[in-house]
Every structure is written in structure tokens, then in C-alpha cells.
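Listed here are the chains, written in short residue letters.
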Amino acid sequence: IAGVLGKSDDDAMDNELFEKIKASFNRAYVKPDGRIEGNSQTDYVLALSFDLLDTERQKKAAQYLVENIQKRDWHLSTGFIGTKSLMLTLARIGRNDVAYRLIHNDTFPSWGFSIAHGATSIWERWDGWTPEKGFQDPGMNSFAHYSFGAVYQWMVENIGGIQSDGPAFKHILIAPQPDDKLTFADITYDSIRGPIKAHWKKAGQHLKLKVTIPANTTATVAMPAADVSSVFESGRPVEKVQGIKFVRMEAGAALFEAGSGTYEFETR
């Protein structure tokens, strides 16, 4: 934040402090093989999300995190502190496939488990009620407790593909990451610039993406495609549409720059 605001002295001081904290954390809690004291999902998630590891240990931590989830039959074990960052960290390390497995689960512990047992709001505990034990301790068992609902940030940024590319959504990145199970998604984020919308639908090999970009902003839109000629907007070849500029092909997607407005992209 200090860097964004041009406060260079504060920026330098904060970065120096961070490096000291990082070094202390590694001395105290990280073993030479990259194992972190406690060896829990939250340990690896927080270390990765706060950039507390060097490049090689990041790779190890990512490996240990996925192994831990797999050993639990592809279930999470995070709580209040780790759940929000778990899904974002999986996306960051290129394992949205694992994040999608977690979001689709309906067995304990998972969001789907609570939904399958009547939840219409977010529970304070994964085991707020279970068939085996009934209700948890009433002293700490709210059924309207948003913490685990922080998964919505991952949903907006990955299912909807809506992210701020720099401060305050002045420039927006819209790059949905569909999986094999979802056939459509309808995501709206009420940003400080106005509502940003992404609605996509799959039909065979076709993908339709309708996006709304607020006034006084621009966006980079990523459409999965073999080449730019297979992308259309409102039924027209995208290369012939004014206000949309093809940027490049990257990682199996065609990238376009667009100004404010509503667009209907389609990959054929």
C-alpha cells in the first residue's frame, strides 16, 4: 500500500521488516526439506500466501499441501484462519483442479456437506451438525457466521475470473477458469468502480462469455481458444469489432483489451 501511495520511505521500511520476519519464520519453523512445524494444511497455506518461503521451499510446500489434501480423501482441514487462503493459494500454485474438488464435495467436511443438510447460511463450524453427533457445543456453534463464506473471493476470481489488475479495479482481468463439471456460471462483483459481471456457459466445444465492464475502466478478457479466428463477439469475428483489440495468445487463451460496456464473446 505504501508503494502504491508513493510513500517510498515507508515502503522501504516495511519491506526490510518483512525480510526480517521471513528470515525469523524460516529459522524457527521451516525444516531443510521444506516441512513446516505443525505440518497442517493451514501451515503451508499461510506460508505460501504470505510469501514466507524461497522459491525451492515454495515448491515443496505446494507439494506437501496437495499431499495432505489427498491423504484426507481430497478434503480440507482448515478452519477460520486458513480456509479463505486455502482456495486462493491452490489457484496461485496452479492447482485449481484441487480447489474445484473441494468446492464440489458434499461429504464432511465441506461446504456441500452443510448445504446437503439444510444450510441456507454459512456455519461457524464444519461439524455444526452431523448425523453421527447432532449439534455441536451451543456455546460456539453459530449457523450464521461468515468466515467460511470467504471462499466467495476464490469463486469470483476463478469461476467468474474477475480480478483487479492493479489498484482499485481501474484495469480489470476477466479470465474464467471453468472445470469439467460446471456448465455455466453467473458472477457479479460490486467493485468500487461499479458492478463487474461475467456470465459464461458451455455447450459442447463452444464457450459463451458475456461480460460487463464498468464506466471509466478497461479490461483484459481471456477467452480459451486455439487461435483468434475462432473467437466471435455478438456473432461477428472479434477481429472486426471496434473497441476490442487482440493482444496475444497465451496459455491456450486469446487475450483482448476492451473498454467499458457489455460484450458477448464466443469461442467456436
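That block above? That's the structure.
The rules we used
- Residues numbered from 1 in each chain as written.
- Predicted model: local features only at pLDDT ≥ 70, side-chain atom pairs only at ≥ 80, totals over all residues.
- Heavy atoms only, no water.
- Pairing = 2+ DSSP bridges.
- Helix = DSSP H or I, 4+ residues; strand = E, 2+ residues; numbered from the N terminus.
- Core = buried A, V, L, I, M, F, W, Y, C linked by side-chain atoms within 4.5 Å.
- Buried < 20%, exposed > 50% of the residue type's maximum accessible area, 1.4 Å probe, protein only.
- Contact = heavy atoms within 4.5 Å.
- Patch = residues over 30% accessible without salt bridge, like charges linked within 9 Å, V, L, I, M, F, W, Y side chains within 5 Å.
- Areas by Shrake-Rupley, 256 points an atom, 1.4 Å probe, with all protein chains shown as cover.
- Salt bridge = Lys/Arg side-chain N within 4 Å of Asp/Glu carboxyl O.
- Lys, Arg positive; Asp, Glu negative; His and termini not counted.
- Charge placed at Lys NZ, Arg CZ, Asp CG, Glu CD.
- Expected span 1.5 Å × (residues − 1).
- Arc of directions from axis to C-beta.
- Axes fitted to C-alpha atoms, helices over the stretch in contact; angles between N-to-C directions.
- Parallel < 35°, antiparallel > 145°, perpendicular 65-115°, else oblique.
- Left-handed = near helix turned anticlockwise from the far one by under 90°.
- Nonpolar A, V, L, I, M, F, W, Y, C, P; charged D, E, K, R; others polar.
- Polar contact = N/O pair within 3.5 Å; in protein donor to acceptor, adjacent residues only side chain to side chain.

## With respect to the pairing of strand β6 (residues 194-203)
Note that strand β5 (residues 184-191) and β6 share eight bridges and pair antiparallel. Bridging across to β6, Ser 191 finds its partner in Gly 194. Here β5 folds back onto β6, and the loop between the two strands holds two residues. In terms of strand pairing, β6 meets strand β7 (residues 206-224) through seven bridges, oriented antiparallel. Bridge pairing in β7 places Lys 197 opposite Thr 212. Counted along the chain from β6 to the antiparallel partner β7, the turn is two residues long, and its residue Gly 204 has a positive phi close to 65 degrees.

## Focus: unusual backbone geometry
The residue after Phe 108, namely Pro 109, is reached through a cis peptide bond having omega -10 degrees. Although it is not a glycine, Phe 169 adopts a positive phi angle of roughly 60 degrees. Among the structural elements, Phe 169 can be located in the loop between β3 (162-164) and β4 (171-174). If you check the backbone angles, Asn 216 has positive phi at about 65 degrees while not being a glycine.

## Examining the nonpolar core
Membership of the largest hydrophobic core comes to 58 residues, with the highest contact counts inside it found for Leu 90, Phe 256 and Phe 265. Top element by residues in this core is β7. It accounts for seven residues. Beyond its immediate stretch of four places on either side in the chain, Leu 90 contacts Leu 65, Val 66, Ile 69, Arg 95, Asn 96, Val 98, Ala 99 and Leu 102.

## Quick word on a negative patch on the surface
Together, Asp 9, Asp 10, Asp 11 and Asp 14 make up a region of like negative charge exposed at the surface. Along the chain, Asp 10 falls in helix α1 (residues 8-29). Overall, the relative accessible area of 35% leaves Asp 10 in the partly exposed class.

## Overview of α1
Counted at 1.5 Å a residue, the expected span for α1 with its 22 residues is 32 Å, and the 31 Å between its end C-alpha atoms agrees. Turning to α1, its buried residues are Lys 22, Phe 25 and Asn 26. Buried residues of α1 fall within an arc of 90 degrees about the axis and therefore sit on the same side. Turned more than 90 degrees away from the buried face of α1, the exposed residues are Asp 9, Lys 20 and Arg 27. Where α1 is buried, its residues contact α2 (41-49) and α3 (55-71).

## A closer look at the packing of α3 against helix α4 (residues 83-92)
At a closest axis distance of 11 Å, the pairing of α3 and α4 adopts a crossing angle of 120 degrees. Here α4 runs oblique to α3, going by the angle between their axes. For the element pair α3 and α4, the recorded crossing hand is left-handed. Across the interface between the two elements, Leu 65, Val 66 and Ile 69 of α3 pack against Leu 86, Thr 89 and Leu 90 of α4. Class assignment for the residues of the contact of α3 with α4 results in five nonpolar, one polar and no charged.

## Considering the side chain of Asn 141
For Asn 141, the position within the fold is in the loop between β2 (134-135) and α7 (151-159). Relative accessible area serves as the criterion here: at 11%, Asn 141 is assigned to the buried category. A polar contact is formed between the side chain of Asn 141 and the backbone oxygen of Gly 128, at a distance of 3.0 Å. If near-sequence neighbours (up to four positions away) are discounted, Asn 141 is found in contact with Glu 124, Arg 125, Gly 128, Phe 135 and Gln 136.

## Describing the pairing of strand β11 (residues 253-267)
Pairing of β7 with β11 involves 14 bridges; the strand directions are antiparallel. Paired with Thr 220 across the bridge in β11 is Glu 257. Taken together, the three bridges between strand β8 (residues 231-233) and β11 define a ladder with antiparallel strand orientation. In the strand pairing of β11, Val 231 is matched with Thr 267. Here strand β10 (residues 244-250) runs beside β11; their pairing, made up of six bridges, is antiparallel. Bridge pairing in β11 places Met 249 opposite Ala 254. The turn linking β10 back onto β11 is made up of two residues, and Ala 251 within it adopts a positive phi angle of 50 degrees.

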